[in-house]
Amino acid sequence: MAVPLIPIAIGAGAAATYTAIEFIRRRRARPATQLVREAIDSVLSRYPAAQQAGQKRNLYVVLLQRSVWWEKPRFKGKNPRYRPRSRKPCFYVGETGLEPERRFKRHKRGYQAGKGFVRDFGQCLVGSASVSADQAKETEEALARELQAMGCGVWWG
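Note that the coordinates shown come from a computational prediction; the quantities given were computed from them, not determined experimentally.

Let's shift gears to the overall build of the chain. Within the chain, the secondary structure is distributed over 6 helices and 4 strands. The order of helices and strands in the chain, counted from the N terminus, is α-β-α-α-β-α-α-β-α-β. Within the span of the chain, comprising 157 residues, buried residues form 42% of the whole. For the chain, long-range pairs separated by at least 24 residues make up 76% of all intrachain contacts whose partners lie at least 6 apart in sequence. Surface summary for the chain: the accessible area is close to 9300 Å², and the carbon and sulfur share equals 52%.

Glancing now at the nonpolar core. Counting 24 residues, the largest nonpolar core has Val 36, Val 61, Phe 91, Val 93, Leu 143, Leu 147 and Val 154 as its most contacted members. Of all the secondary structure elements, the ones that give two or more residues to this core are helix 1 (14–46), strand 1 (56–64), strand 2 (90–96), strand 3 (122–132), helix 6 (136–149) and strand 4 (153–156). With 7 residues, helix 1 is the single largest residue contributor to this core.

Here we take up the packing of aromatic side chains. Both the distance between ring centres and the angle between the ring planes are used here to describe each pair of aromatic rings. Considering all chains together, one arrives at 5 aromatic pairs under this definition. Summarising the aromatic geometry, the rings of Phe 117 and Trp 155 are spaced 4.5 Å apart at their centres and angled 40° between planes, so their arrangement reads as tilted. In this pair, Phe 117 sits in helix 5 (residues 117–121) while Trp 155 sits in strand 4, placing the two residues 38 residues apart along the sequence. The class for Phe 117 is buried, based on a relative accessible area of 3%.

All right, on to helix 6 then. Look at helix 6: 20 Å from first C-alpha to last across 14 residues, which is about the 20 Å you get at 1.5 Å a residue. Residues Ala 136, Thr 139, Glu 140, Ala 142, Leu 143, Ala 144, Glu 146 and Leu 147 constitute the buried set of helix 6. Once helix 6 finishes, Gly 151 follows within two positions and takes phi at roughly 100°, a positive value.

The next subject is the sheet that holds strand 2. Spatial ordering of the open sheet is given by 3-1-2-4, a layout of 4 strands whose pairing is mixed. Each edge of the open sheet is held by one strand with a lone partner, namely strand 3 and strand 4. Between one strand axis and the next, the sheet turns through 20° on average, direction left out of account. Bridge count between strand 1 and strand 2: 7 bridges; the pairing is antiparallel. The residue bridging Asn 58 from the neighbouring strand is Thr 96, located in strand 2. Most of the contacts of helix 6 go to strand 2, to which it runs at about 170°, and overall it touches strand 1, strand 2, strand 3 and strand 4.

Take the environment of Cys 124 next. Relative to the helices and strands, Cys 124 is located in strand 3. Take Cys 124: its relative accessible area is 24%, and that puts it in the partly exposed class. With 16 residues separating them along the chain, Cys 124 and Lys 108 place their C-alpha atoms 10.0 Å apart.

Quick look at the environment of Leu 98 now. Note on placement: Leu 98 falls in the loop between strand 2 and helix 4 (100–109). With 42 residues separating them in the primary sequence, Leu 98 and Lys 56 have C-alpha atoms 9.8 Å apart. Those residues in contact with Leu 98, other than ones at most four positions away along the chain, are Asn 58, Arg 103 and Arg 106.

A word on the confidence of the model for the chain. Confidence in the prediction of the chain, expressed as mean pLDDT, is 81, and 77% of residues score 70 or more. Within the model, pLDDT remains below 50 along residues 3–11, and this stretch shows 12 contacts once partners closer than five positions in the same chain are excluded.

So, how was this worked out
- Throughout this description, residue numbers start from 1 for each chain and increase along the sequence as written.
- Given that this is a predicted model, residues contribute local features only at a pLDDT of at least 70 and side-chain atom pairs are listed and counted only at 80 or more, while totals for whole chains, interfaces and linings are drawn from all residues.
- Computation of side-chain values: all heavy atoms of the structure, hydrogens and water removed.
- Put simply, DSSP marks the helices as runs of H or I at least four residues long and the strands as runs of E at least two long, and each gets a number from the N terminus on.
- Relative accessibility thresholds used throughout: buried, under 20% of the residue-type maximum; exposed, over 50%; partly exposed, between the two (1.4 Å probe, protein chains only).
- Should any heavy atoms of two residues lie within 4.5 Å, those residues are counted as being in contact.
- The protein chains shown are the only cover counted for residues, whose accessible areas, like all others here, come from Shrake-Rupley with a 1.4 Å probe.
- Remark: nonpolar core denotes a set of buried residues (Ala, Val, Leu, Ile, Met, Phe, Trp, Tyr, Cys) joined through side-chain atoms within 4.5 Å.
- We call Phe, Tyr and Trp rings a pair once their centres come within 6.5 Å, taking the six-membered ring for Trp, and we label the pair stacked below 30 degrees between planes, edge-to-face above 60, and tilted otherwise.
- Multiplying one less than the number of residues by 1.5 Å gives the expected span of a helix.
- For two strands to be treated as a pair, DSSP must find no fewer than two bridges joining them.
- An axis is simply a line fitted to the C-alpha atoms; with a helix, the fit covers only the stretch in contact. Between two such axes, the angle follows the N-to-C directions and lies from 0 to 180 degrees.
- The quantity called pLDDT is the predictor's confidence in a given residue, expressed from 0 to 100.

Okay, here's the thing in C-alpha cells:
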C-alpha cells in the first residue's frame, strides 16, 4: 500500500515527511508483527521436533493489504470466517529454503509468484522462523490455521 507523501507541516522538508511516513508504517505493522510472533511461538511449542538440527527450511509471513479479501475470490473462499471490518490483518504464509527476505523479493518481482497474492498485495515481511525440512509443510499449515483462529485472513500453500 503506497502512502502518499504529504508534508506534515508547512515548510516541512522531505526528511521530515519521510520520517513521519516511516513512523506510520512501523506503527501499523507492530500489531501484525505481534500477532505473527505469538502464532509462531504457539506453533513451535506444539512442534518441538521442528526446531531440531538437520536440514532447515524457513517459514515466513508476509503482511497483505486487506483489499485482497475483496479482489481475490479464492482468498475469500479460503477465509469464510474472516471479517474485514474487524480491522484484523491479512497474511501470506510460506516456506522456503532461501532466506525469507530473498524469497519476498522474488515474490514481488513475479518470479515464482504462485497465485500472485504477495506480488499484487504484499506489503512487508513480518515474521519468520527456521524449522526442520521434515515438518516444514505441517508447521506452515499449522501457523496459517493459528493466524486464522486469531481472526486474520490467511493464504498458504
